Amino acid sequence: MMDMKFLKIEALNATVFKNPFEISFLTSQQVEKDDPGALHNVCANVYLKPVSAFVGNNGSGKSLSLKLIALVLDLLSGKSINNLFYSELIKDKLKLTVYFSNRQANEIVKYELLIYKYLNVFNEVNYQISNEALFTKKASVVRSKKQLFDFDNAKALSLATSNDNSPQDVGAVANYLKAHQLKIVSKAFVHNNALLNFPVGEISYDILKLVDPNLERISIKEDCSVVIKFSNQNNPVHVTLDCLAKVLSNGVILGILYFDYAIKVLKHGGLLIIDDLDAHLNKELVKVLVSLFLQAKTNLFGASLVFTTHYLQGLDSLNRNDYVNILTKDDLGLFKLENLSSIISRTDLKKSEVINKTITNAGQLQEEQLLLEEYVINQVAPTGEPTNKTRE
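The residue count restarts for each chain, going from 1 along the sequence in the order it is written. In keeping with the predicted nature of the model, local features appear solely for residues at pLDDT of at least 70, side-chain atom pairs appear and are counted solely at 80 or more, and the whole-chain, interface and lining totals rest on all residues. Water and hydrogen atoms play no part in the side-chain values, which are based on all heavy atoms of the structure.

(A) Structural context of the pattern of salt bridges. By salt bridge we mean one thing: a side-chain nitrogen of Lys or Arg within 4 Å of a carboxyl oxygen of Asp or Glu. The full count for this structure, using the stated rule, is 10 salt bridges. Across the salt bridge formed by Lys-8 and Glu-10, the nearest N and O atoms sit 3.1 Å from each other. Note on exposure labels: buried denotes an accessible area under 20% of the residue type's maximum, exposed denotes more than 50%, and partly exposed covers the range between, all computed with a 1.4 Å probe on protein chains only. A relative accessible area of 18% means that Glu-10 is categorised as buried. In this structure, Glu-284 and Lys-287 form a salt bridge, with 3.7 Å as the shortest nitrogen-oxygen distance.

Take a look at the structure:
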């Protein structure tokens, strides 16, 4: 079981996000003792959500929100900020504050850092980490969510690196995690690199049958060669990993990856992040994947699934409003995040209908539709023929 759990991420001066931009992994509605589902207790009356869905119109910041979480994961894993693909989040300076729990040491941890952009001697854009700070306090003293994030009297820890020559593009917080043997069991599908994520070895037969009943076996070798056996063919198919899409559909490939990593994350109580969950999977498979995280019998160790979706009707089956985060744009064009539980308190209302009303301006949409129709009419009309507009 993973002893580290994310509680909240705060970002200041992130590109196109409204300050402060906060992503919480905690429940905001009241939790009753007989509440169904896989709510994971952190301390006192503080619970982790097994599912966090991000919804909104196109261009509302859904993908960027998930990339912000993935950026934090990579930083805590000790990866160089210059080897990552998050430039769209950093304008000049980005301040991050990350709260997480260390169950092994019975601690709540606050980690702060500043990422800033500069030009190197070759006039190339580089990024550097500075102003790192780490604070801890005992989880046993926490009695409420408000107190959870109060670090006024917390203990400050030294973040000296183990090597004086360590590059400043790597977060020193990784040393704290290593000293406490805290491993981040996570996977983020936020870039278009699905094939790079295929695990070496045999894919579970149960996963194959769920995703595509015609599949009997898939084996990936270390040299990136792949053996595929279909039930309706006598001989297996041999391909390389980069040619896999010529044999299997995107939906099958992503379905295999999502369920394979979901099982790994569930086994260790980790974090699975998927952008556009329903883009290639059919709706029934999406429901199955989400249900694995919602059920206590399959989610024993507080694993979390974080995803974006356009399939709003699929959210109606969720039993809590605080599982849904809504992204919209303010008058300045900045992305802002609002939890559904702050909009409605009743759980019997259809979430999809409430979300639609929140993110859709019906009058504006109708006007834009009429303008598009007029444009299409002018484009498809035979040359010299009068359009509807000219007939009037």
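Now that the structure has been shown, the text picks up again.
(B) Here's a closer look at the packing of aromatic side chains. Centres within 6.5 Å make a pair out of two Phe, Tyr or Trp rings, where for Trp the six-membered ring is used; the pair is then stacked when the planes are under 30 degrees apart, edge-to-face when over 60, and tilted otherwise. Counted according to the given criterion, the structure contains 9 aromatic pairs. Aromatic side chains Tyr-99 and Phe-149 sit 4.8 Å apart centroid to centroid with 75 degrees between the ring planes, which places their arrangement in the edge-to-face category. Placement of Tyr-99 in strand 6 (residues 90-102) and of Phe-149 in the loop between helix 2 (145-148) and strand 9 (155-157) is noted, with a sequence separation of 50 residues between them. The rings of Phe-17, Phe-21 and Phe-335 are connected pair by pair, giving a single aromatic cluster. Between Lys-264 and the ring centre of Tyr-261, over which it is positioned, the NZ or CZ distance is 5.4 Å. For a Lys NZ or an Arg CZ to count as sitting over a ring, it must be within 6 Å of the ring centre and within 35 degrees of the ring normal. Positioned above the aromatic ring of Tyr-311, the side-chain terminus of Lys-283 is 5.2 Å from the ring centre. Note on conventions: DSSP H or I runs of at least 4 residues are helices, E runs of at least 2 residues are strands, and numbering of each starts at the N terminus.

(C) Fine view of the side chain of Asp-169. Position of Asp-169 relative to the elements: it lies in the loop between strand 9 and helix 3 (173-179). What makes two residues a contact is simply this: any of their non-hydrogen atoms within 4.5 Å. With residues near it in sequence (within four places) discarded, Asp-169 still touches Lys-79, Ser-80, Ile-81, Asn-82, Tyr-127 and Ile-129.

(D) A look at the sheet that holds strand 12 (residues 215-220). When DSSP locates at least two bridges between a pair of strands, those strands are taken to pair. If you trace the 4 strands from one edge of the open sheet to the other, you get 11-12-13-14, paired in antiparallel fashion. Where the open sheet ends on each side, the last strands, each with one partner, are strand 11 (201-202) and strand 14 (237-240). In terms of strand pairing, strand 11 meets strand 12 through 2 bridges, oriented antiparallel. Residue pairing in the sheet places Glu-202 in a bridge with Ser-219 of strand 12.

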